[in-house]
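The chain contents come next:
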Amino acid sequence: MDEKMSWAVSDAVDFKGFPADRSKTGGWVPAALILGIEICERLSTMGIAVNLVTYLGRTMHLPSTTSANIVTDFMGTSFLLCLLGGFVADSFLGRYKTIAIFTLVQILGTGMLAFSTKLPELRPPPCDYYSTANKKCTPATGFQMGILYLSLYLIALGTGGLKSSVSGFGTDQFDEKDEKEKSQMAFFFNRFFFLISVGTLLAVTVLVYIQDEVGRSWAYGICSVSMLIAVLIFLSGTKRYRFKKSSGSPIVHISQVIVASIKKRKLNLPSTFNLYEDLPEQKRIQHTNQFRCLDKAAIVVEGDYEKIGSSTVLNPWKLCSVTRVEEVKMMTSLLPIWATTIIFWTTYAQMITFSVEQASTMKRSIGSFQIPAGSLTVFFVGAILITLAVNDRMIMPLMKKWRGDQGFTNLQRISLGLILSIAGMAVASVVEVKRLSVASKSVNNTSKDLPISVFLLIPQFFLVGSGEAFMYTGQLDFFITKSPKGMKTMSTGLFLTTLSFGFFISSFLVSVVQKVTGSSDGHGWLTDDINNGRLDLFYALLAVLSFVNFGAYLVCAMWFKSNERQNSALQMSSIISGQGTEADEKC
């Protein structure tokens, strides 16, 4: 019996619900099938996002600020819906069904987008894009924009469901209790982020080129077909997957602690020993003194138990264990870092909106080949891959040899990401000053492209791209390692909401700047024709806001490290005290 059970993974089952056989399920083969979904998701989402602003302006005849906000709202909603996808997976469907269903939703969205860009009835009459400043182009109607919005937000819904479950279901294929599979899981995370970058690279090169030179309907059709092939490959591996039972939605658990503590807010806190706990000693999280108001959720009072039939059952909305409360405390302590990393993704949003608009006005030809404006983000993706390679192959080995550690900590990587984003916005402002000076001297230029090379934009793409390499890996590491074990999915969703809010703040800033600096004659910082605007001042504003935010981040990071040291010391003291008590009892 022991030999038979050694082949089984203790906390996983196969597709029939039986204990998962280690030799027949899990490992790299099913994990690779799952990663195929992620490549196609990145291909679709980024292939649409990086070049959507030019379609909205040149084909749908929308103002540049409106176009930029549509793109950032689309991306922000995609990442925000990861919370919904995670909730559905944890509470109802499980990760496997969530991936399958939401992939079909994204296929439907990309298919609709392909048709909406193909049918002339769903676009306004064509005209000279460069005459839009003179109001000669008819903007898209409400019905035409409605079809476009429906397509985009179906894609956003699909993306939210996929991103919330793909990485988690991938890691489910490895057993953390097996040393060999545990090491394979670490490689899975590295390859997961690498494939995200590969999917993005294909999107900003091949897919953007097809959009501009062949047709958008063809490009979006390719996205739809590739997702269909990916989901068929994914479903083909059903018999090889390991399925792990969910312990329930972390959002519900957090809500229960908050509701219970609010109901008991007027009660006085008793000693720690009188707080409710229902887990065995080895599974408990030791009590800490931070956020003491939440401890009231663990106070036992009359009415916490309800009689159902002949048995008495605990009401989790009235009484929570100390461990459950401490899990919520741990998540709460992540919020200051969460809040101060949002601004990075606001600067990131400019790389797929206004920076693409800048590129569309500049000289982009190499011989007879015309580089699509959206493909300039290839330097952004290239910066990510180069930074990751340099960090893994040079910086980490040197730091290990010099200091004996494994490289930059997660908080240090986040710091580097914020610093590089500040530098990126400062450089972008200086480059835009140069571009505007050329534009002012080219009023009578008959060419649609300014006589200035698009490659001047490379530094801002490279700086922010390098910043993302540090920021993304630092945030992912921080939110996964510093969260309680039962809330890893929730913490990953919390990380992804920083991207979401970053895009939404970008939309908010654009709207505010447009309202404050805009005038009735069409002038301002952000105008429909960016050659007549002051995009350099907008970039400078983002650099200043990012610098102020970095100061706030340093304060929050020092508070978190100090708080973590205090809690570690307190828990160590509790463990030593507990050992002493056991020794006394044995004596």
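Residues numbered from 1 in each chain as written. Predicted model: local features only at pLDDT ≥ 70, side-chain atom pairs only at ≥ 80, totals over all residues. Heavy atoms only, no water.

Focus: the domain arrangement of the protein chain
Rules: Each domain's extent is set by a domain assignment, obtained either automatically or from a database. Contacts were defined at the residue level, with two residues in contact if any of their heavy atoms lie within 4.5 Å. Using a 1.4 Å probe, buried area is obtained as the accessible area two parts lose upon being combined, added over both of them. In what follows, salt bridge is the name for a side-chain nitrogen of Lys or Arg lying within 4 Å of a carboxyl oxygen of Asp or Glu.
Domain parsing of the protein chain yields domain 1 (8-130 + 140-245), domain 2 (250-325) and domain 3 (326-569). Put simply, the middle of domain 2 and the middle of domain 3, counted by C-alpha atoms, are 41 Å apart. On the domain 3 side, the residues contacting the 17 residues of domain 2 number 13 residues. Between domain 2 and domain 3, a total of about 1,400 Å² is buried, with carbon and sulfur atoms accounting for 65% of that surface. Taken together, the links from domain 2 to domain 3 amount to two salt bridges.

Brief notes about the state of the cysteines
Put simply, the rule is: By disulfide we mean two sulfur atoms from cysteines, separated by a distance within 2.5 Å. Burial status follows relative accessibility: with a 1.4 Å probe on protein chains alone, a residue under 20% of its type maximum counts as buried, one over 50% as exposed, and anything between as partly exposed.
Counted by the stated rule, this structure contains zero disulfides. Cysteine Cys82 shares no disulfide, and the gap to the nearest cysteine sulfur, in Cys40, comes to 17 Å. Distance from the sulfur of Cys223, which forms no disulfide, to the nearest cysteine sulfur (Cys40) is 8.9 Å. On the basis of relative accessibility, which here comes to 0%, the residue Cys223 falls in the buried class.

Quick look at a nonpolar patch on the surface
The test is simple: Surface patches are drawn from residues lacking salt bridges whose relative accessible area is over 30%; two like charges belong together within 9 Å, two nonpolar side chains (Val, Leu, Ile, Met, Phe, Trp, Tyr) within 5 Å. Using a 1.4 Å probe, accessible areas were evaluated by the Shrake-Rupley method; residue-level cover was limited to the displayed protein chains. Strands are runs of DSSP state E lasting at least 2 residues, helices are runs of H or I lasting at least 4, and numbering of each runs from the N terminus.
On the surface, a nonpolar cluster with roughly 450 Å² of combined accessible area is contributed by Ile386, Val390, Met394, Leu398 and Phe462. Here the nonpolar patch gets four residues from one element, more than from any other, and that element is helix α11 (residues 378-403). Inspection of the secondary structure assignment puts Val390 in helix α11. Overall, the relative accessible area of 34% leaves Val390 in the partly exposed class.

Notes on the packing of aromatic side chains
Rules: Geometry of aromatic contacts follows a simple scheme: Phe, Tyr and Trp rings, the Trp one being its six-membered ring, pair when their centres are within 6.5 Å, and the pair is stacked under 30 degrees between planes, edge-to-face over 60, tilted otherwise.
For the structure shown, the criterion picks out 26 aromatic pairs. Taking the centre distance of 4.9 Å and the plane angle of 85 degrees together, the rings of Phe344 and Trp345 count as edge-to-face. Here Phe344 and Trp345 have matching classes, each one buried. Here the aromatic rings of Phe550 and Tyr553 are separated by 6.5 Å at their centres, their planes lie at 20 degrees, and the arrangement is stacked. In this pair, Phe550 and Tyr553 both sit in helix α15 (residues 535-586), three residues apart, roughly one turn of the helix. A connected cluster of aromatic rings, assembled from ring pairs, spans Phe79, Phe344, Trp345, Tyr348, Phe380 and Phe503.

Details of the pattern of salt bridges
According to the stated counting rule, one finds 14 salt bridges in the structure shown. In this structure, Asp295 engages Lys329 in a salt bridge whose closest nitrogen and oxygen atoms are separated by 2.8 Å. Taken together, the residues span a long stretch of sequence, with Asp295 in the loop between α7 (250-263) and β3 (305-308) and Lys329 in helix α8 (residues 322-333) at a distance of 34 residues. For Asp295, a relative accessible area of 1% translates into the label buried. What makes Lys329 buried here is its relative accessible area of 0%. Connected through salt bridges with shared partners, the residues Glu38, Glu41, Arg42 and Lys163 form a single ionic network.

A short note on unusual backbone geometry
Phi is positive for His61, close to 60 degrees, though the residue is something other than glycine. Assignment of secondary structure puts His61 in the loop between α2 (28-58) and α3 (64-118). Look at Phe291: it is not a glycine, yet its phi comes out positive at around 50 degrees. Within the secondary structure layout, Phe291 lies in the loop between α7 and β3. Judged by its relative accessible area of 28%, Phe291 falls in the partly exposed class.

So, the packing of α3 against helix α6 (residues 216-236)
A packed helix pair is summarised by two numbers, namely the angle formed by the two axes and the spacing between the axes. For the record, the criterion: To obtain an axis, a line is fitted to C-alpha atoms, over the contacting stretch when the element is a helix, and the angle between two such axes runs from 0 to 180 degrees between their N-to-C directions. Working rule for angles: under 35 degrees goes down as roughly parallel, over 145 as roughly antiparallel, 65 to 115 as roughly perpendicular, anything else as oblique. Throughout, a crossing is termed right-handed when the near helix is turned clockwise from the far one, and left-handed when it is turned anticlockwise from it by less than a right angle.
The interhelical angle for the contact between α3 and α6, taken along N-to-C directions, is 160 degrees, at an axis separation of 8 Å. Overall, the two elements α3 and α6 adopt an arrangement that is roughly antiparallel. Two packed elements cross with a definite hand, and for α3 against α6 that hand is left-handed. Contacts between α3 and α6 pair Tyr96, Ile99, Ala100, Thr103, Gln106, Ile107, Thr110, Gly111, Leu113, Ala114, Thr117 and Lys118 from the former with Arg216, Ser217, Tyr220, Gly221, Cys223, Ser224, Met227, Leu228, Val231, Phe234 and Leu235 from the latter.

Brief notes about empty space enclosed by the protein
The line we're drawing: Cavity means a closed set of points on a 1 Å grid over the protein atoms alone, one where a 1.4 Å probe fits but cannot get out, pocket means an open set with protein on both sides within 12 Å along at least 5 of 7 lines, and lining means a residue has an atom within 4 Å of a point. Grid points are joined across faces, edges and corners, and a volume is the space filled by probe spheres set on the points. All amino acids are sorted into three groups, where Ala, Val, Leu, Ile, Met, Phe, Trp, Tyr, Cys and Pro are nonpolar, Asp, Glu, Lys and Arg are charged, and the leftover types, Gly among them, are polar.
In this structure the tally under the stated criterion is two cavities of 30 Å³ or more. By volume, the largest cavity amounts to about 200 Å³. Lining the largest cavity we find 21 residues, and of these Arg42, Ile196, Thr200, Tyr348 and Glu468 sit closest to its centre. Those elements that provide at least two residues to the lining of the largest cavity are α2, α3, α5 (179-213), α11, α13 (458-481) and α14 (488-517). Top contributing element to the lining of the largest cavity by residue count: α5, with five residues. For the lining of the largest cavity, the per-class residue count stands at 15 nonpolar, three polar and three charged. When residues of the lining of the largest cavity are assigned to domains, at least three fall in each of domain 1 (8-130 + 140-245) and domain 3 (326-569). A volume near 30 Å³ is recorded for the second largest cavity.

With respect to the confidence of the model for the protein chain
Our working rule: Confidence scores here are pLDDT values: one per residue, from the predictor, ranging 0 to 100.
In the predicted model, the protein chain carries a mean pLDDT of 83, and the fraction of residues at 70 or more is 90%. Here residues 579-587 is a poorly scored stretch, pLDDT under 50, and it has zero contacts once near neighbours within four places are set aside; other chains count.

Here we look at the nonpolar core
Selection rule: What we call a nonpolar core is a set of buried Ala, Val, Leu, Ile, Met, Phe, Trp, Tyr and Cys residues that are connected through their side-chain atoms within 4.5 Å.
Residues Phe234 and Phe538 are the most contacted members of the largest nonpolar core, which totals 137 residues. Other than its neighbours up to four places away in sequence, Phe234 contacts Leu33, Ile34, Ile37, Tyr96, Ile99, Ala100, Phe169 and Tyr241.

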